[in-house]
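Spelled out from the first residue to the last, the chains are:
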Amino acid sequence: MENGRANMKPVTGISQVTCTAPVNIAVIKYWGKRDEQLVLPINPSLSVTLSQDQLCARTTVAASADFKRDRVWLNGQEQSVDAPRLQKCLGEIRRLARKRKHKDERAGDLLGSCVHVCSENNFPTAAGLASSAAGYACLVQSLAKLFHIDGDVSHIARQGSGSACRSMYGGFVEWTMGRLEDGADSVAKQVAPAEHWPELRVLVAVVNAGKKAVGSTEGMQTTVKTSALVKYRAEHVVPSRQEDMRQAILERDFQTFGEITMKDSNQFHATCLDTYPPIFYLNETSKHIIHLVHRYNRHHGKIKAAYTFDAGPNAVLYLLQDDVPEVLALLRHFFPPSSTNNSEREFVQGLPDANRKDLPAELLNSVGLEPSPGSVQYIIHTRAGQGPQVLTDPQQALLDEKGWPKKQN
Ligand SMILES: Nc1ncnc2c1ncn2[C@@H]1O[C@H](COP(=O)(O)OP(=O)(O)OP(=O)(O)O)[C@@H](O)[C@H]1O
Ligand SMILES: C[C@@](O)(CCOP(=O)(O)OP(=O)(O)O)CC(=O)O
């Protein structure tokens, strides 16, 4: 992998670029737009970009004078290229390339060509695991490299999916709300790189990898229309929280980081409940995980793990490296894999030699839940990671040398 210049190969008139991009999980949630077209949020947000070793989108884009029309394939299936968000990203990239072509003539070179886009996620799509964030960040990064557009393009990723703008950077990233009408100042900025907090770990407990009932876009529209709480949250809660969270990250203060993370997740889900008709993203397993975390923290007299939930029942836990074995053992004890689920080895992904830890009886008593086999499908162990990467090895491209999807083996 290389983070440098685009992998432009003028093979028989074809230019091709392949990139990967990460998922991000917000600790201050974005929920609600003030402008649907431009995807401008009603409050700023802040997230942790997750390592691409476990979760990432991979996209190859190609431009050629031989292509008859723009085409796109996602996870092996051709998709309609007319999807408005895709059109928006393509249109914005071409507009920027046109604007910049007098500065760098290569930016304009491909303007007459159609593009082929092929993308894959190495994790379930549309299951509340932020696939749209990784997917649109990857698309925009690849197109920007293809058209030789340098500099920040998070305002374009934002128009694919709001949270995607935060996946344009690694580490700890904020999305500023912005004040300008055209949204030019509503962009993502890195607060600190991933290496800033090397002990921080992330456990994603996949409760249900199926497609969710109410998508984020539709859900937040109804919330903005009907919830008084979301307005109060945006005006009176998030601005100071965002600053406190930023500070907690800069100081690596896990107590404050954890407390704000949990409170903000809870308030986001409260705005969903305050929506009319209400939206329920958490299920019984999510609620049991919330209890588990609070009882675990109470047992130790401090915050050792913090949960957050996006628009779905899957739990994301932030914790420090030293506590991973204990928290994993607790999750395994109270949410053991069912016999039909998967083998023990597969239950925790991303931690090849997860040590088994014996849990003291007092801790199990403190948590005091009824074990619920099979309700957590699997757990992904990961950490903060880097922003989008360019792949230079043609073997890793999803399109062949003529710009068509490679045959799946
Ligand atoms: N690799 C990708 N390339 C392009 N678009 C993608 C990619 N992955 C996902 N998408 C788009 O994102 C949509 C899924 O977004 P949706 O918000 O429903 O789910 P999610 O992102 O997994 O969940 P959430 O945003 O709540 O965490 C897909 O239907 C597709 O349009
Ligand atoms: C709960 C969230 O994950 C909501 C993400 O919403 P999306 O970014 O998926 O919504 P659109 O902008 O409509 O595409 C919180 C967050 O990531 O900040």
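Residues numbered from 1 in each chain as written. Chains lettered and ligands numbered in written order. Predicted model: local features only at pLDDT ≥ 70, side-chain atom pairs only at ≥ 80, totals over all residues.

1. Side note on the domain arrangement of the chain
So, step 1. What the domain assignment reports for the chain is domain 1 (14-193 + 390-396) and domain 2 (200-383).
So, step 2. The C-alpha-based centres of domain 1 and domain 2 are spaced at 27 Å.
So, step 3. Between domain 1 and domain 2, the contact holds 27 residues from the first and 34 residues from the second.
So, step 4. If you list the elements that add at least two residues to the side of domain 1 that touches domain 2, you get β2 (24-28), β5 (45-49), β10 (172-175) and β11 (188-192). (Domains from an automatic or database assignment. Contact = placed C-beta atoms within 7 Å. Helix = DSSP H or I, 4+ residues; strand = E, 2+ residues; numbered from the N terminus.)

2. What to know about the sheet that holds strand β16 (residues 378-383)
So, step 1. Read across the open sheet, the 5 strands follow the order β13-β14-β12-β16-β15; overall the sheet is mixed. A single partner strand is all that each edge strand has here, and the edge strands are β13 (305-308) and β15 (348-349).
So, step 2. The pairing of strand β12 (residues 200-206) with strand β14 (residues 315-320) spans 6 bridges and is antiparallel. Of the residues in β14, the one forming a bridge with Leu200 is Leu320.
So, step 3. Here helix α7 (residues 254-273) sits on the sheet and contacts β13 and β14; the angle it forms with β13, its principal contact strand, is near 25 degrees. (Pairing = 2+ DSSP bridges. Axes fitted to C-alpha atoms, helices over the stretch in contact; angles between N-to-C directions.)

3. With respect to the nonpolar core
So, step 1. Of all hydrophobic cores here, the largest spans 112 residues; its most connected members are Ile93, Ala134, Ala137, Val140, Leu143, Ala205 and Leu317.
So, step 2. Per-element tally for this core: the top contributor is helix α3 (residues 131-146), with 10 residues.
So, step 3. Mapping this core onto the domain boundaries places at least three of its residues in each of domain 1 (14-193 + 390-396) and domain 2 (200-383). (Core = buried A, V, L, I, M, F, W, Y, C linked by C-beta atoms within 7 Å. Buried ≥ 20, exposed ≤ 12 C-beta atoms within 10 Å, placed from the backbone.)

4. Observations regarding the sheet that holds strand β7 (residues 71-74)
So, step 1. Strand order across the open sheet formed by 6 strands is β8-β7-β9-β6-β1-β17, with mixed pairing between neighbours. Pairing within the sheet leaves two strands with one partner each, and these edge strands are β8 (77-79) and β17 (389-391). Strand-to-strand twist of the sheet, defined as the mean angle between neighbouring strand axes without regard to direction, takes the value 25 degrees.
So, step 2. Relative to β8, β7 is paired through 3 bridges, and the arrangement is antiparallel. When the bridges of β8 are listed, Val72 appears paired with Gln79.
So, step 3. Set on the sheet, α3 makes contact with β1 (14-22), β6 (56-64), β9 (114-121) and β17; between it and β1 the angle comes to about 145 degrees.

5. So, helix α1 (residues 84-100)
So, step 1. The terminal C-alpha atoms of α1 lie 24 Å apart, and with 17 residues this matches the ideal 24 Å at 1.5 Å per residue to within 8%.
So, step 2. When we look at burial in α1, the residues that qualify are Leu86, Cys89, Leu90, Ile93 and Ala97. In a view along the axis of α1, the buried residues occupy a sector of 95 degrees, so they form one face of it. Exposed positions of α1 whose direction lies more than 90 degrees from the buried face are Pro84, Gly91, Arg95 and Lys99. (Expected span 1.5 Å × (residues − 1). Arc of directions from axis to C-beta.)

6. Some words on the site of ligand 2
So, step 1. Around ligand 2, the structure places 14 residues, and the nearest of them are Ala26, Ser161, Gly162, Ser163 and Thr217.
So, step 2. Looking at the shell around ligand 2, you find at least three residues from each of domain 1 (14-193 + 390-396) and domain 2 (200-383). (Near = placed C-beta within 6 Å.)

7. Overview of the packing of α1 against α3
So, step 1. Following both chains from N to C, one finds α1 and α3 inclined at 25 degrees, their axes separated by 10 Å at the closest point. Between α1 and α3, the angle falls in the class roughly parallel. Considering how the two elements wind past one another, α1 and α3 form a crossing that is right-handed. When α1 is examined against α3, the residues Cys89, Leu90 and Ile93 are found in contact with a partner set consisting of Tyr136, Leu139, Val140, Leu143 and Ala144.
So, step 2. Partitioning the contact of α1 with α3 into residue classes produces 8 nonpolar, no polar and no charged. (Parallel < 35°, antiparallel > 145°, perpendicular 65-115°, else oblique. Left-handed = near helix turned anticlockwise from the far one by under 90°. Nonpolar A, V, L, I, M, F, W, Y, C, P; charged D, E, K, R; others polar.)

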